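# Structural description and commentary
Chain by chain, the residues:
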Amino acid sequence: VVARATDAVALKARSAAVCDTYANQGARNSAILPYTSALSAFCAAATAAIVELPILETVSTLYGKKGEVAVITSFPILSTAFAAAAAVSKARCEVDAEAAAQAASTLALEYDGMNGSGDDPVLRPFQAVRDLVKLALDSGWRSIKKVVIKTNIWRISRSAILGFRWKRRSSNRGGEGLA
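Since this is a predicted model, take the numbers as computed values, not measurements.

With that settled, consider the overall build of the chain. Check the secondary structure of the chain and you find four helices and zero strands. Put simply, the chain runs from its N terminus to its C terminus through helices and strands in the order α-α-α-α. Counting the 179 residues in the chain, one finds 16% classified as buried. For the chain, the exposed surface amounts to about 13200 Å²; the carbon and sulfur share of it is 66%.

Quick look at helix 1 (residues 2-30) now. Helix length check: helix 1 (29 residues) gives 42 Å between terminal C-alpha atoms against 42 Å at 1.5 Å per residue, within 8%. Among all positions in helix 1, only Arg 4, Ala 8, Leu 11, Ser 15, Gly 26 and Asn 29 are buried.

To continue, consider the pattern of salt bridges. Summed over all chains, the structure comprises one salt bridge. Measuring nitrogen to oxygen at the nearest pair gives 3.0 Å for the salt bridge that ties Lys 90 to Glu 94. Taken as a pair, Lys 90 and Glu 94 lie in helix 3 (residues 55-105) at a separation of four residues, close to a single helical turn. For Lys 90, a relative accessible area of 47% corresponds to the partly exposed category.

Here the focus is the packing of helix 1 against helix 3. Here helix 1 crosses helix 3 at 165°, and the two axes come no closer than 8 Å. Considering the angle they form, helix 1 stands roughly antiparallel to helix 3. You can see that helix 1 and helix 3 cross each other, and the crossing is left-handed. Of the residues in helix 3, those in contact with Ser 15, Val 18, Cys 19, Tyr 22, Ala 23, Gln 25, Gly 26, Asn 29 and Ser 30 of helix 1 are Ser 89, Arg 92, Cys 93, Asp 96, Ala 99, Ala 100, Ala 103 and Ala 104.

As a further point, take the side chain of Asp 96. Within the secondary structure, Asp 96 sits in helix 3. In this structure the side chain of Asp 96 is engaged in a polar contact, spanning 3.4 Å, whose partner is the backbone nitrogen of Gly 26. Once residues lying within four places of it in the same chain are set aside, the contact partners of Asp 96 are Tyr 22, Gln 25, Gly 26 and Asn 29.

Glancing now at the confidence of the model for the chain. Of the residues in the chain, 69% reach a pLDDT of 70 or more, and the chain-wide mean stands at 76. Taken element by element, the predicted model of the chain shows its lowest mean pLDDT in helix 4 (residues 125-172) (66) and its highest in helix 2 (residues 33-52) (87).

This part is about the environment of Val 59. The topology assignment puts Val 59 in helix 3. Judged by its relative accessible area of 13%, Val 59 is buried. Taking the C-alpha atoms as reference, Val 59 lies 8.0 Å from Val 71; in sequence the two are twelve residues apart. Val 59 has contacts with Gly 64, Gly 67, Glu 68 and Val 71, leaving out every residue within four places of it along the chain.

Calculation criteria
Residues numbered from 1 in each chain as written. Predicted model: local features only at pLDDT ≥ 70, side-chain atom pairs only at ≥ 80, totals over all residues. Heavy atoms only, no water. Helix = DSSP H or I, 4+ residues; strand = E, 2+ residues; numbered from the N terminus. Buried < 20%, exposed > 50% of the residue type's maximum accessible area, 1.4 Å probe, protein only. Areas by Shrake-Rupley, 256 points an atom, 1.4 Å probe, with all protein chains shown as cover. Expected span 1.5 Å × (residues − 1). Salt bridge = Lys/Arg side-chain N within 4 Å of Asp/Glu carboxyl O. Axes fitted to C-alpha atoms, helices over the stretch in contact; angles between N-to-C directions. Parallel < 35°, antiparallel > 145°, perpendicular 65-115°, else oblique. Left-handed = near helix turned anticlockwise from the far one by under 90°. Contact = heavy atoms within 4.5 Å. Polar contact = N/O pair within 3.5 Å; in protein donor to acceptor, adjacent residues only side chain to side chain. pLDDT = per-residue confidence, 0-100.

This is the structure in structure tokens:
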């Protein structure tokens, strides 16, 4: 009972920490939204200023139509890039909010049988100890098998392979043996 209670508290603490982590990530991603929005608005204002002010005429006389097109299109393109960055940041915030909500939903788990679903995240002390002993025994058995297989089977297979090669060479050469 004490182990289950301790595990339930640890599960709630872990869920709270995960929820807090996702909330912090969301806050970090949302911090850039005002900056990208301001840059996008600046680019829109700069585009309007370039079209209305005599700057465009000067660029047109110095660089021709290509320079005029480059100046006029540069700020809308930058504005679009900043708006796209804001959209990506918004999408990240939404993903982090959903992940935080999912992590928070584990705080309200029912621990007695999980309504028969079989996905009980709470520690079962006897089952956990049994699983750990089984893992330890399996690992030890695998180590023993590796040592036995490496020493005995390797020697047997090596001698069999070498004997087969010797017989094959001697039959190819008319019974002369290894030369």
